[in-house]
Amino acid sequence: MQSIFWSVEEVALRAKQFYENGIRQNVESGDNIGKMIVINAETGEYGIDPTGVETALKLKQKNPNARLFTIRIGYDVAVSFGGAMERTAE
């Protein structure tokens, strides 16, 4: 049972730390660029799929209280409304 409350910013920070400190090297490849990665901010467990929905559901099945964060692999933002998404990886 989880009793610690994390702000949205804390979840994002922890997930990004997992991504930068190990996950990125394993997932930023041509096959994955543009796909969504969903990261459990507590455990570092992650999954990849085109939309992130299937992975989020699987991670929530394992732990209904999981704090999840989604990143578009190889880009600086996950989605863009009227703007441009810049690639950060080739």
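Look up: the structure comes first, before these words.
Definitions and cut-offs
Residues numbered from 1 in each chain as written. Predicted model: local features only at pLDDT ≥ 70, side-chain atom pairs only at ≥ 80, totals over all residues. Heavy atoms only, no water. Helix = DSSP H or I, 4+ residues; strand = E, 2+ residues; numbered from the N terminus. Buried < 20%, exposed > 50% of the residue type's maximum accessible area, 1.4 Å probe, protein only. Contact = heavy atoms within 4.5 Å. Phe/Tyr/Trp six-rings, centres within 6.5 Å; stacked < 30°, edge-to-face > 60°. Lys NZ or Arg CZ within 6 Å of the ring centre and 35° of its normal. Core = buried A, V, L, I, M, F, W, Y, C linked by side-chain atoms within 4.5 Å. Expected span 1.5 Å × (residues − 1). Salt bridge = Lys/Arg side-chain N within 4 Å of Asp/Glu carboxyl O.

### Re the overall build of the protein chain
The helix and strand tally for the protein chain stands at 2 helices and 3 strands. Overall, the protein chain shows an N-to-C arrangement of helices and strands of α-β-β-α-β. Looking at the 90 residues of the protein chain, the share that counts as buried comes to 32%. Put simply, 50% of the contacts in the protein chain that link residues at least 6 apart link residues at least 24 apart.

### Description of the packing of aromatic side chains
Using the criterion set out here, one finds 0 aromatic pairs in the structure. Cation over ring: arginine 67 sits above tryptophan 6, and NZ or CZ is 5.2 Å from the ring centre.

### Looking at the nonpolar core
Counting residues in hydrophobic clusters, the biggest one holds 14 residues, and the most contacted among them are Tyr19, Ile37 and Ile39. Broken down by secondary-structure element, the contributors of at least two residues to this core are helix H1 (8–27), strand S1 (36–40) and strand S3 (68–72). A total of 6 residues in this core trace back to one element, the largest contributor, which is H1. In this view, isoleucine 39 contacts Ala15, Phe18, Tyr19, Ile23, Gly44, Glu45, Tyr46, Arg67, Leu68, Phe69 and Ile71; residues no more than four positions away in its chain are not counted.

### Some remarks on H1
With 20 residues, H1 ought to run about 28 Å at 1.5 Å a step, yet its terminal C-alpha atoms sit only 24 Å apart, falling short of that. Within the span of H1, buried status applies to Val11, Ala12, Ala15, Tyr19, Ile23 and Val27. Buried residues belonging to H1 abut S1, strand S2 (46–49) and S3.

### Focus: the pattern of salt bridges
Following the criterion strictly, the structure yields 4 salt bridges and no others. Arginine 24 serves as the salt-bridge partner of glutamate 20, at 2.6 Å between the closest nitrogen and oxygen. Placement of the pair is glutamate 20 and arginine 24 together in helix H1, with a separation of 4 residues, close to one helical turn.

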